[in-house]
Amino acid sequence: MSRQYKIQSLRGMHDILPDQSSTWQYLENTIADVLAQYNYRQIRLPIVEQTELFKRSVGEATDIVEKEMYSFDDRNGDRVSLRPEGTAGCVRASTQNGLLHNQTQRLWYSGPMFRHERPQKGRQRQFHQVGVEAFGLLGPDVDAELLLLTLRLWRTLKIEHAVKLQINSLGSPNDRKNYRLALVEFLEQHKDKLDDDSRRRLVTNPMRILDSKNTDVQALLDKAPNLADFIDEDSRIHFKGLCSILDSAGINYELNPRLVRGLDYYSKTVFEWITSHLGTQGTICAGGRYDGLVEQLGGRPCPGVGFAMGLERLVLLLEDLKVVPNDAIGLVDIYIVAVDSANTQAMILADDLRTEYPSMRIESHCGGGSFKSQMKKADKSGATLALVLGEDEVGSGTVGIKYLRKKDPQQTITRDDLGNLLDKFFND
Ligand code: ATP
Ligand code: MG
């Protein structure tokens, strides 16, 4: 048969290789631990949903639904999409399963999301988020709780110094509608100063123009009507309440009146955690309140607030700041080398040690080969110790110890003494 061409992964969809996965595990475990501290519970959601779900929640005129979704007809002809974000599915699941009926819920989920965007550093087509949602709580206290939670996470990960918090209030949907009219009216008068992107958004999603990176557009926006002047009393009190909790808790934040977020469902509080370490893809965590969304998706009215963090960007930041602890990297501790005739004993010794030392990483050499080649592999594995079972050792019930990371001479000890040696060696 002629050699087949190699099939490659899709553009913007990356493998997470073994050398990187320990950082991922460290990050994911740390997040799960912090979430548990606040009693948020995990919900596991499907990756594929009806396209209609995202149209009705994220919004028809958003970039995500307009241009970025992976949508297709399945074999029954149903229109379905790979989820571009998690809140819609979480609300769908919570409503469908009665989780929101006369009760509050604090939930989180984790997994891949899909958006057909232009790939670049910190921006992929398959990326991973951890999302956190709190349902049934109206006040700003739970908004503040989410921010305390994220701050604790940054502290635990030792990245607090590299991130800052921006917050804003979008008011009620009605306030936004009024503001949108005023904004459009203003921008229509200065259409000549808008770039193509902003001109397009003037029709589809004018609030997104506030996000524009174009400096001319930004200069124009300085003279535009201010969203803060449009928000109602209720939203104002809510936002003041949030700021006052953050002040009392000593949390630093910036008010960013142009922070609007790209999805339709937000109301009142919105926020982003931003870093300057990742270039233009600097938002590592973003969210806000979405009090109308449950109803919009057919549930009984129920307030909600949540956020999602981008794990790729967090991994990049952890790497950039070199803050992943060494013991999170998961290097092998012991490598077991054996002559062919001692293969089985070596297997059993390795497994006994795994019972005695559950937290140790032990690799058995499999596949035979000369001592020399086995020792080479032991060294390359990164293990600190090699245990050697040669013919002599098997005959005398002993084990050879070779220190791979220091110059101490090889030793031979009895199987009984092995425990003492390991206790001492790995506890020092
Ligand atoms: P951005 O402005 O960077 O496009 P967004 O507003 O579209 O972000 P959200 O939908 O709020 O992002 O998603 C929350 C987080 O998920 C982002 O802050 C980011 O960390 C991450 N994220 C979003 N899109 C991508 C992507 N294409 N690749 C990697 N991470 C992403
Ligand atoms: Mg985006």
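Residues numbered from 1 in each chain as written. Chains lettered and ligands numbered in written order. Predicted model: local features only at pLDDT ≥ 70, side-chain atom pairs only at ≥ 80, totals over all residues. Heavy atoms only, no water.

Let us look at the overall build of the chain. When you go through the chain residue by residue, the secondary structure sums to 15 helices and 16 strands. Taken over C-alpha atoms, the radius of gyration comes to 28 Å for the chain, far larger than the 22 Å a tight globule of 428 residues would show. Pairs at least 24 apart in sequence give 69% of the contacts found in the chain among residues at least 6 apart. Accessible area for the chain stands at about 22,300 Å²; split by element, carbon and sulfur atoms hold 48% of it. Seen as two clouds, the 54 positive and the 59 negative side-chain charges of the chain have centres 4 Å apart. (Helix = DSSP H or I, 4+ residues; strand = E, 2+ residues; numbered from the N terminus. Rg over C-alpha atoms; globule rule 2.2 N^0.38 Å. Contact = heavy atoms within 4.5 Å. Areas by Shrake-Rupley, 256 points an atom, 1.4 Å probe, with all protein chains shown as cover. Lys, Arg positive; Asp, Glu negative; His and termini not counted. Charge placed at Lys NZ, Arg CZ, Asp CG, Glu CD.)

Interfaces are often sized by the amount of accessible area the parts lose when they come together. When its domains are assigned, the chain resolves into domain 1 (18-171 + 231-321) and domain 2 (332-427). Distance from the C-alpha centre of domain 1 to the C-alpha centre of domain 2: 47 Å. (Domains from an automatic or database assignment.)

Okay, the sheet that holds strand 14 (residues 385-389) next. Reading across the sheet, the five strands line up as 13-12-14-15-16 and stay open at both edges, with mixed pairing between neighbours. Of all strands in the sheet, those with a lone pairing partner are strand 13 (362-364) and strand 16 (411-414), marking the two edges. Sheet twist, expressed as the mean angle between neighbouring strand axes with direction ignored, is 30°. Where strand 14 and strand 15 (residues 398-403) come together, four bridges link them in antiparallel fashion. By the bridge assignment for strand 15, L387 is matched with I401. (Pairing = 2+ DSSP bridges. Axes fitted to C-alpha atoms, helices over the stretch in contact; angles between N-to-C directions.)

Moving on, we get to the packing of helix 1 (residues 18-37) against helix 11 (residues 311-321). At a closest axis distance of 10 Å, the pairing of helix 1 and helix 11 adopts a crossing angle of 110°. With respect to helix 11, the element helix 1 is oriented roughly perpendicular. Both helix 1 and helix 11 take part in a crossing whose hand is right-handed. Packed against helix 1, whose contacting residues are T23, W24, Y26, L27, E28 and I31, the element helix 11 presents L311, E312, L314, V315 and L318 at the interface. (Parallel < 35°, antiparallel > 145°, perpendicular 65-115°, else oblique. Left-handed = near helix turned anticlockwise from the far one by under 90°.)

Turning to the side chain of R201, a few remarks are in order. Within the secondary structure layout, R201 lies in helix 7 (residues 196-204). Apart from the residues within four sequence positions on either side, R201 is in contact with D63, P206, R208 and I209.

This next bit is on a nonpolar patch on the surface. Together, I47, V48 and F72 make up a nonpolar patch on the protein surface, roughly 220 Å² of accessible area in all. Locating V48 in the fold gives a position in strand 2 (residues 48-50). Judged by relative accessible area, which is 38%, V48 ranks as partly exposed. (Patch = residues over 30% accessible without salt bridge, like charges linked within 9 Å, V, L, I, M, F, W, Y side chains within 5 Å. Salt bridge = Lys/Arg side-chain N within 4 Å of Asp/Glu carboxyl O. Buried < 20%, exposed > 50% of the residue type's maximum accessible area, 1.4 Å probe, protein only.)

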